[in-house]
2 protein chains.
Amino acid sequence: MLPDRRALLGGLGGLAIGGAVAGLTGSLARAGTGSGAAETRRFTRFSQQGGDFSWTPRKLDPDECAPVAYDGFWHNLNACGYGAFYSIVGMMAEKYGAPYDQFPFSMLAVNEGGIIGWGTICGALYGAAAAFALFWNREECSPMVNELFRWYESAQLPVYDPGSAARAFVGPLPANAPGSVLCHVSVSKWCHGFNKKADSNELGERCARLTVDVSRKAIEILNAKIAQGKAYKGAFSVQAAVVQCAACHAAGKESDIQKSKMDCAPCHSGNPHLGDKFRKHP
Amino acid sequence: MLPDRRALLGGLGGLAIGGAVAGLTGSLARAGTGSGAAETRRFTRFSQQGGDFSWTPRKLDPDECAPVAYDGFWHNLNACGYGAFYSIVGMMAEKYGAPYDQFPFSMLAVNEGGIIGWGTICGALYGAAAAFALFWNREECSPMVNELFRWYESAQLPVYDPGSAARAFVGPLPANAPGSVLCHVSVSKWCHGFNKKADSNELGERCARLTVDVSRKAIEILNAKIAQGKAYKGAFSVQAAVVQCAACHAAGKESDIQKSKMDCAPCHSGNPHLGDKFRKHP
């Protein structure tokens, strides 16, 4: 977690901070690869091909990308993060080639189950946020991520139905608001609420369909950002619980001891699921 | 969240599932970019340069990479995810060139504060997991991620001290066990426990040092995985609370309604921070 940029830059006199990295330039000569030629290239520390955030964002058609997100979920069981990311960046690769087609897409498979079953960030959300981050820095990505994540907390999901193309379960599935961007909460709330097993085909199908919903919303945001540029703000306002808690628990307030933009309510409003399960299990 | 692979593959008769994606191959002809030549290349759906998980992992020296993780955190304020990831993949780029030097490193900046302040997965942990995922599929990454994440939950952090090279705060910082892989919990527990502001230079410095600790542990795991191959298992056992809860709440058990490998104790053992703050705030 970074301190506030102004606080950081203002708070320390003689320390070198922020973007100043004088003396860190460590370049190494290396032999060229692939061609076998005695090519010598230099890679300078913290540099990258084309410069930071240098890829050009491209508008996409959410309807065209929807089945790609779904199929990407099932492709080698690469799951949610891969499906959402490929439906954006992979589609740019198919349409425009480089640099999009140079990306090692399979790395997104790690996002399954909130990072290989750990239940942290919903992989579909991470895949979409990672796609945004190829094109815009954190300041510009922030309203895009806020819009996507707040929509996810409150939307009734899943919406998408692949019909007869369904891979794990054919037919309608019940929908609810995940309430949280965390996979553990999102999955468990759906399973508990609708009496589904976490290792069921229905849950897998739910997450595949939800990956499409996230892709669709992310592409709407991407297209709006391309159209509006720095003016892009998003439509969702800060969650009521976050407004209430941040009245004291935020920078410059009485008790600046926490950081989060997640809705506070699921974990801090007396949810019975968060009682003492070890000594008072129902 | 994926259902169990066996359950998925076994549970449905006629549905096409899993890795079988017949009919999805959608390749598009495109004009070559950059050179201006009338080159025509084809990018096949769900393909990638060199194939999935095809990058070669390289052993690294954690001591050499430590100051790079620290400096990477501060480089353009790119923060934890960038610092941890660059200290691994960026160092491979500096030493070995392609394909590592083709990666758009700045995309990892999105992990700051658990994804631009949302407080989900600790960005340093994500950066390390993402590096693993360039080289190994989910089955092989799983024990690596488990080892790193369980170590993080229980280790006293931060350990690293850059001495006079400190960027935001010079001198020792207090250490505790984050208890959770979630940024919100990790940051808030440290700030609450040591009476530090979340927007302080000390907290920023703590997270920069912790990024080094994560890099160091991740490189130990990387090197061990390279040495041991598929035999790599890691040393940390499943957390006691996870063992207890999974006796009922897991696949094939009485109440298979949740998914997570996070330690259950911080949120499900009567932590007073998780009471009803909206109606019974202290």
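Residues numbered from 1 in each chain as written. Chains lettered and ligands numbered in written order. Predicted model: local features only at pLDDT ≥ 70, side-chain atom pairs only at ≥ 80, totals over all residues. Heavy atoms only, no water.

1. Section: helix H6 (residues 183–194) of chain A
Logical step 1: End to end, H6(A) covers 16 Å across twelve residues, agreeing with the expected 16 Å (1.5 Å per residue, within 8%).
Logical step 2: What H6(A) keeps buried is the set A:Cys183, A:His184, A:Ser186, A:Val187, A:Ser188, A:Trp190 and A:Cys191.
Logical step 3: Against the buried residues of H6(A) lie helix H5 (138–154) and helix H7 (201–228) of chain A together with helix H9 (265–268) of chain B.
Logical step 4: After H6(A) finishes, the residue A:Asn195 shows a positive phi value of roughly 55 degrees. (Helix = DSSP H or I, 4+ residues; strand = E, 2+ residues; numbered from the N terminus. Expected span 1.5 Å × (residues − 1). Buried < 20%, exposed > 50% of the residue type's maximum accessible area, 1.4 Å probe, protein only. Contact = heavy atoms within 4.5 Å.)

2. Some words on the interface of chain A and chain B
Logical step 1: Taken together, the contact pairs 134 residues of chain A with 134 residues of chain B.
Logical step 2: The junction of chain A with chain B conceals about 11600 Å² of combined surface from both sides, 62% of it contributed by carbon and sulfur atoms.
Logical step 3: At the junction of chain A with chain B, the criterion picks out six salt bridges.
Logical step 4: Across the pair B:Arg45 and A:Glu94 runs a salt bridge whose closest N-O atoms are separated by 2.8 Å. (Buried area = accessible area lost by both parts, 1.4 Å probe. Salt bridge = Lys/Arg side-chain N within 4 Å of Asp/Glu carboxyl O.)

3. Remarks on the packing of aromatic side chains
Residues and elements named next belong to chain A.
Logical step 1: On inspection of all chains with the given rule, the structure shows 34 aromatic pairs over all chains.
Logical step 2: Relative to Phe 103, the ring of Phe 85 lies with its centre 4.8 Å away and its plane at 45 degrees, an arrangement referred to as tilted. Of this pair, Phe 85 sits in helix H3 (residues 79–96) while Phe 103 sits in the loop between H3 and helix H4 (123–132), and the two are 18 residues apart along the sequence.
Logical step 3: The ring of Tyr 96 has Arg 58 sitting right over it, with the charged end atom 4.1 Å from the ring centre. (Phe/Tyr/Trp six-rings, centres within 6.5 Å; stacked < 30°, edge-to-face > 60°. Lys NZ or Arg CZ within 6 Å of the ring centre and 35° of its normal.)

4. Structural notes on the environment of A:Gly50
Logical step 1: Structurally, the position occupied by A:Gly50 is in the loop between strand S2 (40–43) and helix H2 (62–74).
Logical step 2: Along the sequence, A:Gly50 and A:Pro99 sit 49 residues apart, while their C-alpha atoms lie 9.7 Å from each other.

5. As for the pattern of salt bridges
Logical step 1: Scanning the entire structure with this criterion turns up 26 salt bridges over all chains.
Logical step 2: Taking the shortest distance from any N to any O, the salt bridge between B:Glu64 and B:Lys95 comes out at 2.9 Å. Pair noted here: B:Glu64 is in helix H2 (residues 62–74) and B:Lys95 is in helix H3 (residues 79–96), with a separation of 31 residues, a long-range link.
Logical step 3: A relative accessible area of 34% places B:Glu64 in the partly exposed class.
Logical step 4: Residue B:Lys95 is classed as partly exposed on the basis of its relative accessible area, which comes to 29%.
Logical step 5: Linked through salt bridges whose partners overlap, the residues forming this network are A:Glu140, A:Lys225 and A:Lys230.

6. Details of the side chain of A:Arg150
Logical step 1: Inspection of the secondary structure puts A:Arg150 in helix H5.
Logical step 2: Despite being buried, A:Arg150 has no salt bridge partner; A:Glu153 is the closest side chain of opposite charge, sitting 6.1 Å away.
Logical step 3: Aside from chain neighbours lying at most four places away, what touches A:Arg150 is A:Phe236, A:Ser237, A:Val238, A:Gln239 and B:Trp118. (Lys, Arg positive; Asp, Glu negative; His and termini not counted.)

7. Describing the packing of H2(A) against H7(A)
Relative placement of two packed helices is described by the angle separating their axes and the distance separating the axes.
Residue and element names in this part refer to chain A.
Logical step 1: Running from N to C, H2 and H7 cross one another at 145 degrees; their axes reach a closest spacing of 8 Å. Where H2 crosses over H7, the handedness of that crossing is right-handed. Of H7, the residues touching H2 (which contributes Pro 62, Asp 63, Cys 65, Ala 66, Ala 69, Tyr 70, Phe 73 and Trp 74) are Gly 204, Glu 205, Cys 207, Ala 208, Arg 209, Thr 211, Val 212, Ser 215, Arg 216, Ile 219 and Asn 223.
Logical step 2: Looking at side-chain class alone, the contact of H2 with H7 contains eleven nonpolar, four polar and four charged residues. (Axes fitted to C-alpha atoms, helices over the stretch in contact; angles between N-to-C directions. Left-handed = near helix turned anticlockwise from the far one by under 90°. Nonpolar A, V, L, I, M, F, W, Y, C, P; charged D, E, K, R; others polar.)

8. Considerations on the relation of the copies chain A and chain B
Relating one copy of the chain to the other requires a rotation about an axis plus a shift along that axis.
Logical step 1: Rotating chain A by 180 degrees and moving it 0.0 Å along the rotation axis overlays it on chain B with an RMSD of 0.0 Å. Such values leave the two copies arranged in the relation of a two-fold axis.
Logical step 2: Interface overlap between copies is the fraction of interface residues in one copy that are interface residues in the other; for chain A against chain B it reaches 100%, indicating a shared surface. (Least-squares fit on C-alpha atoms with pLDDT ≥ 70 in both.)

9. Comments concerning the confidence of the model for chain A
All names here are of chain A.
Logical step 1: When pLDDT is averaged along chain A, the result is 88, and 85% of the positions lie at 70 or above.
Logical step 2: In the model, residues 9–40 has pLDDT below 50 throughout and makes 57 contacts with residues more than four positions away in sequence or in other chains.
Logical step 3: Across the interface, the model reports ipTM at 0.89; the global pTM reads 0.89. (pLDDT = per-residue confidence, 0-100.)

10. Quick word on the packing of H2(A) against H3(A)
Residue and element names in this part refer to chain A.
Logical step 1: Remark: H2 packs on H3, axes separated minimally by 7 Å, with the N-to-C direction vectors making an angle of 130 degrees. If you check the angle between H2 and H3, you find them oblique. The chirality of how H2 crosses H3 is right-handed. Seen from H2, the contacting residues are Glu 64, Cys 65, Val 68, Ala 69, Gly 72 and Phe 73; seen from H3, they are Ala 79, Cys 80, Tyr 82, Gly 83, Tyr 86, Ser 87, Met 91 and Lys 95.
Logical step 2: Here the residues of the contact of H2 with H3 are counted per class, giving nine nonpolar, three polar and two charged. (Parallel < 35°, antiparallel > 145°, perpendicular 65-115°, else oblique.)

11. Thoughts on the state of the cysteines
Residue and element names in this part refer to chain A.
Logical step 1: Under the definition given, this model contains zero disulfides over all chains.
Logical step 2: Residue Cys 191 stays outside any disulfide, its sulfur separated by 7.8 Å from that of Cys 207, the closest cysteine.
Logical step 3: The class for Cys 191 is buried, based on a relative accessible area of 0%. (Disulfide = S-S within 2.5 Å.)

12. Remarks on the environment of A:Asp71
All names here are of chain A.
Logical step 1: Along the chain, Asp 71 falls in helix H2.
Logical step 2: Relative accessible area serves as the criterion here: at 11%, Asp 71 is assigned to the buried category.
Logical step 3: Between the alpha carbons of Asp 71 and Gly 83 there is a distance of 7.1 Å; along the sequence they are twelve residues apart.

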